[in-house]
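Each chain is listed here by its residues.
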Amino acid sequence: MTAAHVLIPVKALGLAKSRLAHVLEPEIRADLVLAMLRDTLDATLASGDLDVTIVTSDPHAAAVASACGARVFPDPGPPGAGSTGAERLNAALNAAAAHVRHRTPGIGLIALQADLPALRPHELVSALDDARQVGRAIVEDHTGLGTTALLHCVPHEPLHAMFGADSARRHVESGARALTGDLPGLRLDVDTVADLEAAARLGTGPATASVLVRIGFAVPAK
Ligand SMILES: Nc1nc2c(ncn2[C@@H]2O[C@H](COP(=O)(O)OP(=O)(O)OP(=O)(O)O)[C@@H](O)[C@H]2O)c(=O)[nH]1
Ligand SMILES: C=C(OP(=O)(O)O)C(=O)O
């Protein structure tokens, strides 16, 4: 049986990585988002017996998913008028989780960020092993405030994603254990120029490395 099902959300590329908009033109920003998605996906698919679904309405992200062997779940769109970005993200993840659990009752779920270009397969394996011991767990991002992975191994409770600003605290309050392992690639989501520099130092997958070289970083692939 598949060990767990990984859900990776990606919003429309034109809206993505707005915190890099002051340094990167829209076209290269879109290339970077797709490259980080590809490297995140490749590391995830190399982590063992995991199914992977990309949650997106973006055709370019869906094409990358299909090329890598992942499934695509169409973003259901805003849950209501005036909903916030975080509400849209969590609604999309929760809908995808319900769909997966309908097909595969009780399967473990991992909601994973799409911008983890330095992710190593063993980090995801180790986090999943630890999450199984406690049922519900998170990996805090490198700032300690956000969540890069919500690992939900409680068979008969819905995912209840709570991503968005300060999501680590909310996930912990919802009963998730914050994992303490040494997981530098899994903790490094890339939102800012400083994050990009940190990822380049840590070593990214080849797709991201190639974009970094185009924008002036001299980096070896991991
Ligand atoms: N499917 C889906 N994914 C989303 C949605 N909102 C955000 N995401 C994804 O969730 C992750 C975190 O989202 P954000 O931090 O809002 O966006 P970002 O593109 O990483 O960065 P900023 O634009 O700088 O905030 C990213 O992978 C997004 O693509 C949504 O409404 N639907
Ligand atoms: C959405 C989140 O992350 P970020 O905004 O850093 O991508 C989060 O940590 O819940």
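Rules and cut-offs
- Residues numbered from 1 in each chain as written.
- Chains lettered and ligands numbered in written order.
- Predicted model: local features only at pLDDT ≥ 70, side-chain atom pairs only at ≥ 80, totals over all residues.
- UniProt positions renumbered as here; feature names shortened; annotations may be inferred.
- Near = placed C-beta within 6 Å.
- Helix = DSSP H or I, 4+ residues; strand = E, 2+ residues; numbered from the N terminus.
- Nonpolar A, V, L, I, M, F, W, Y, C, P; charged D, E, K, R; others polar.
- Buried ≥ 20, exposed ≤ 12 C-beta atoms within 10 Å, placed from the backbone.
- Arc of directions from axis to C-beta.
- Axes fitted to C-alpha atoms, helices over the stretch in contact; angles between N-to-C directions.
- Parallel < 35°, antiparallel > 145°, perpendicular 65-115°, else oblique.
- Contact = placed C-beta atoms within 7 Å.
- Pairing = 2+ DSSP bridges.

By the naming in an unreviewed UniProt entry, the protein chain goes by Phosphoenolpyruvate guanylyltransferase and is assigned to Rhodococcus chondri. The Sequence similarities (unreviewed entry) comment attached to the protein chain in UniProt states, word for word, "Belongs to the CofC family." Taken from UniProt, the Catalytic activity (unreviewed entry) comment for the protein chain reads in full: "phosphoenolpyruvate + GTP + H(+) = enolpyruvoyl-2-diphospho-5'-guanosine + diphosphate".

Caption draft 1: View of the site of ligand 1. Close to ligand 1 lie 18 residues; Pro9, Lys11, Ser18, Arg19 and Arg88 are nearest. Broken down by secondary-structure element, the contributors of at least two residues to the shell around ligand 1 are strand 1 (4–10), strand 2 (50–56) and helix 3 (85–103). Considering every element that reaches the shell around ligand 1, the biggest residue donor is helix 3, with four residues. In terms of residue class, the shell around ligand 1 is built from seven nonpolar, four polar and seven charged.

Caption draft 2: Structural view of helix 7 (residues 193–202). Among the residues making up helix 7, those that are buried are Asp195, Leu196, Ala199 and Ala200. In an axial view of helix 7, the angular spread of the buried residues amounts to 140 degrees, which keeps them on one side of the axis. In the segment just after helix 7, Gly203 is the residue with positive phi, at about 105 degrees.

Caption draft 3: Representation of the packing of helix 1 (residues 26–45) against helix 8 (residues 206–214) in the model. The N-to-C vectors of helix 1 and helix 8 enclose an angle of 155 degrees; their axes lie 7 Å apart at closest approach. Here helix 1 is positioned roughly antiparallel relative to helix 8, judged by the angle of their axes. Contacts from Ile28, Asp31, Leu32, Ala35, Met36, Arg38 and Asp39 of helix 1 reach helix 8 at Ala207, Thr208, Ser210, Val211 and Arg214. Among the residues making up the contact of helix 1 with helix 8, the classes are represented as six nonpolar, two polar and four charged.

Caption draft 4: Here's a closer look at the pairing of strand 4 (residues 109–112). Here strand 4 shows two buried faces, one formed by Leu109 and Ala111 and the other by Ile110 and Leu112. Across three bridges, the pairing between strand 1 and strand 4 is parallel. Paired with Val6 across the bridge in strand 4 is Ile110. In the sheet, strand 4 pairs with strand 6 (residues 147–152) via four bridges, with the strands oriented antiparallel. Directly across from Leu112, in strand 6, lies its bridge partner Ala149.

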